[in-house]
Amino acid sequence: MTGLPRAWILVAAALTVPAAAQDPWTGSGQAYPSGPVRFVVPLPAGGTMDIIARTVGQPLARALGQNVIVDNRPGGGGGGIIGTEAVARAPADGYTVLFIGNGFAMNPALRAKLPYDTERDFAGVARVASNPLVISVHPSLPVKSLKELVALARARPGELTFASGTAAGGLRLNAERFKAAAGIDIVNIPYQGGVPAVAAVLGGHTSILIVNVSETVPHAASGRLRPLAVTSLERSNALKDVPTVAESGYPGFEALMWYGVVARAVAPRGSIGRLSEEIIRAARLPEVSSSFERQGLSVAAMKSAEFDAFIRAEIQRNSRIIREIDLRAE
């Protein structure tokens, strides 16, 4: 710097101040987040995805120092398309993100035309949790085990109906996988989420239910539903007396639902990184993980890059299964 005019030295020093004040997460002069973060949940309030978003959202808000708003946007044929499109069209600033489940990675294989490109338009932020499903029946159905249900379905092909939370999402896919494994013909009655599917069975509109553990537990405890089997390889802590599908005559059968967060693919990498770390930290808090366990959920954390790769692998896996069982969006 020797020989430079003093005025030049002062100007050069002044120009370096904004760079030093930059937020390390966004590369900008404004720290992320500087306002509320919106979780768009593309399914109705009260379901498993909604419960996860709200459970994680509370400690996340404290960590970020900003409100976390859960915005339910159900609809789109049960595949969460309306909520997903809303996020695809939202500003790519990391403030509006999407909660997703298995259906997100199924829609590309099920629907010839989507109002967004699943792989191009979104990037993984964090995987949060997973859970098995439960096959349950209304107490009026004369079966007390999965074996008895299969026998009844074989005796009355095409007559029995089951409620699932989507027309062609993860609940439906795994229900169809079990139907194929058991060699039975029961008719799917799709609903816009697990909560209305449960209500339909409780009301006697259909007699068989295949939904998440969390949506089954309270009604099993009251006797309004009779759980027959869970779809994990091990029994659920929330339903310890209920056998697995594998125990009930179908060795190796496993079907899990997973849940996580994605953002616009062009959102700032730093913002996604910050959000990923804080979401995973919140999910691993003892009060959150214990709340999950009571609901039959398990923390299944993945950071951004790992989750992004997982989603792409799930898209390929689901495409193969959907072709094999000839699943169609209704």
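Our subject is the structure that appears above.
In what follows, the accompanying structure is described. Please read all numbers here as calculations on a predicted model, not as lab measurements.

1. Quick word on the overall build of the protein
Piece 1. Scanning the protein from N- to C-terminus turns up 12 helices and 10 strands.
Piece 2. When the backbone C-alpha atoms are referred to their principal axes, the protein occupies close to 95 × 40 × 35 Å.
Piece 3. Buried residues in the protein amount to 53% of all 330 residues.
Piece 4. Of the contacts formed within the protein by residues at least 6 apart in sequence, a portion of 76% connects residues at least 24 apart.
Piece 5. Total accessible area on the protein stands at roughly 14,500 Å², and carbon and sulfur atoms take up 54% of it.

2. Examining the nonpolar core
Piece 1. Membership of the largest hydrophobic core comes to 68 residues, with the highest contact counts inside it found for Phe 39, Ile 52, Phe 99, Val 128, Leu 149, Phe 178 and Ile 279.
Piece 2. Ignoring sequence-local partners within four residues, the contact set of Phe 99 consists of Phe 39, Val 40, Val 41, Pro 42, Met 49, Ile 52, Ala 53, Val 128, Gly 260 and Val 261.
Piece 3. In terms of nonpolar packing, the next biggest core, distinct from the first, is built from 18 residues, Ile 100, Leu 114, Phe 122 and Trp 258 among them.

3. Quick notes on the pattern of salt bridges
Piece 1. Within this structure, the stated rule accounts for 16 salt bridges.
Piece 2. Here Arg 62 makes a salt bridge to Glu 287, at a shortest N to O gap of 3.9 Å. With Arg 62 in helix 2 (residues 48-64) and Glu 287 in helix 11 (residues 286-294), this residue pair connects regions lying 225 residues apart in the sequence.
Piece 3. Look at Arg 62 and you get exposed, because its relative accessible area is 58%.

4. Focus on the side chain of Ser 130
Piece 1. Structurally, the position occupied by Ser 130 is in strand 4 (residues 122-137).
Piece 2. The exposure class of Ser 130 is buried, given its relative accessible area of 16%.
Piece 3. Setting aside residues up to four positions removed in sequence, Ser 130 forms contacts with Met 257, Trp 258, Tyr 259, Gly 296, Leu 297, Ser 298 and Ala 300.

5. With respect to the pairing of strand 3 (residues 96-100)
Piece 1. By the criterion of burial, strand 3 is predominantly enclosed, with 5 of the 5 residues buried.
Piece 2. By the alternation rule, side chains of strand 3 split into Thr 96, Leu 98 and Ile 100 and Val 97 and Phe 99, which are all buried.
Piece 3. Summarising the sheet, strand 1 (residues 37-41) and strand 3 pair through 3 bridges and their orientation is parallel. Its bridge partner being in strand 3, Val 40 is matched across the sheet by Leu 98.
Piece 4. Two elements, strand 3 and strand 9 (residues 256-264), share 3 bridges in a ladder whose sense is antiparallel. Residue pairing for strand 9: Phe 99 is matched across the bridge by Val 261.

6. Topic: unusual backbone geometry
Piece 1. Following Tyr 32, the chain continues into Pro 33 via a peptide bond in cis, with omega recorded as -5 degrees.
Piece 2. Its place among the elements puts Pro 33 in the loop between helix 1 (6-20) and strand 1.

7. A look at helix 10 (residues 269-283)
Piece 1. Taking 1.5 Å per residue, 15 residues should reach 21 Å; helix 10 reaches 21 Å between its end C-alpha atoms and fits that length.
Piece 2. In terms of burial, helix 10 is a largely internal element, 11 of the 15 residues being buried.
Piece 3. Turning to helix 10, its buried residues number three or more, namely Gly 270, Ser 271, Ile 272, Arg 274, Leu 275, Ser 276, Glu 278, Ile 279, Ile 280, Ala 282 and Ala 283.

8. Considerations on the environment of Ile 189
Piece 1. Here Ile 189 is to be found in strand 6 (residues 187-190).
Piece 2. On a C-alpha basis, the gap between Ile 189 and Leu 225 in space is 17 Å, while along the polypeptide they are 36 residues apart.
Piece 3. Those residues within four positions of Ile 189 in sequence are excluded, and the remaining contacts are Thr 161, Phe 162, Ala 163 and Ser 164.

9. As for the packing of aromatic side chains
Piece 1. Under the counting rule described, the total for this entry stands at 9 aromatic pairs.
Piece 2. Look at Tyr 32 and Tyr 95: their rings are 5.0 Å apart centre to centre, the planes differ by 65 degrees, and that puts the pair in the edge-to-face class. Of this pair, Tyr 32 sits in the loop between helix 1 and strand 1 while Tyr 95 sits in the loop between helix 3 (81-88) and strand 3, and the two are 63 residues apart along the sequence.
Piece 3. Note on Tyr 32: relative accessible area 3%, which makes it buried.
Piece 4. Centre to centre, the rings of Trp 258 and Phe 310 are 5.2 Å apart; their planes meet at 80 degrees, and the pair counts as edge-to-face. Of this pair, Trp 258 sits in strand 9 while Phe 310 sits in helix 12 (residues 304-325), and the two are 52 residues apart along the sequence. The same class applies to Trp 258 as to Phe 310, namely buried.
Piece 5. Three or more aromatic residues link up through ring pairs in this structure, and these residues are Phe 104, Tyr 116 and Phe 122.
Piece 6. If you follow Arg 127 out to its NZ or CZ, it ends over the ring of Phe 310, 4.8 Å from the centre.

10. Points about the pairing of strand 9
Piece 1. With 8 of 9 residues buried, strand 9 is to be regarded as a mostly interior element.
Piece 2. In the sheet, strand 4 pairs with strand 9 via 9 bridges, with the strands oriented antiparallel. Looking across to strand 9, one finds that Asn 131 is bridged to Met 257.

11. Quick word on the packing of helix 2 against helix 10
Piece 1. At their nearest, the axes of helix 2 and helix 10 sit 9 Å apart, and the two run at 125 degrees to each other. When the interaxial angle is binned, helix 2 and helix 10 end up oblique. Here the hand of the crossing between helix 2 and helix 10 comes out right-handed. Residues Val 56, Pro 59, Leu 60, Ala 63 and Leu 64 of helix 2 touch helix 10, and the partners they reach there are Arg 274, Leu 275, Glu 278, Ile 279 and Ala 282.
Piece 2. Of the residues in the contact of helix 2 with helix 10, the class split is 8 nonpolar, no polar and 2 charged.

Reading guide: rules and limits
- Residues numbered from 1 in each chain as written.
- Predicted model: local features only at pLDDT ≥ 70, side-chain atom pairs only at ≥ 80, totals over all residues.
- Heavy atoms only, no water.
- Helix = DSSP H or I, 4+ residues; strand = E, 2+ residues; numbered from the N terminus.
- Buried < 20%, exposed > 50% of the residue type's maximum accessible area, 1.4 Å probe, protein only.
- Contact = heavy atoms within 4.5 Å.
- Areas by Shrake-Rupley, 256 points an atom, 1.4 Å probe, with all protein chains shown as cover.
- Core = buried A, V, L, I, M, F, W, Y, C linked by side-chain atoms within 4.5 Å.
- Salt bridge = Lys/Arg side-chain N within 4 Å of Asp/Glu carboxyl O.
- Pairing = 2+ DSSP bridges.
- Expected span 1.5 Å × (residues − 1).
- Phe/Tyr/Trp six-rings, centres within 6.5 Å; stacked < 30°, edge-to-face > 60°.
- Lys NZ or Arg CZ within 6 Å of the ring centre and 35° of its normal.
- Axes fitted to C-alpha atoms, helices over the stretch in contact; angles between N-to-C directions.
- Parallel < 35°, antiparallel > 145°, perpendicular 65-115°, else oblique.
- Left-handed = near helix turned anticlockwise from the far one by under 90°.
- Nonpolar A, V, L, I, M, F, W, Y, C, P; charged D, E, K, R; others polar.

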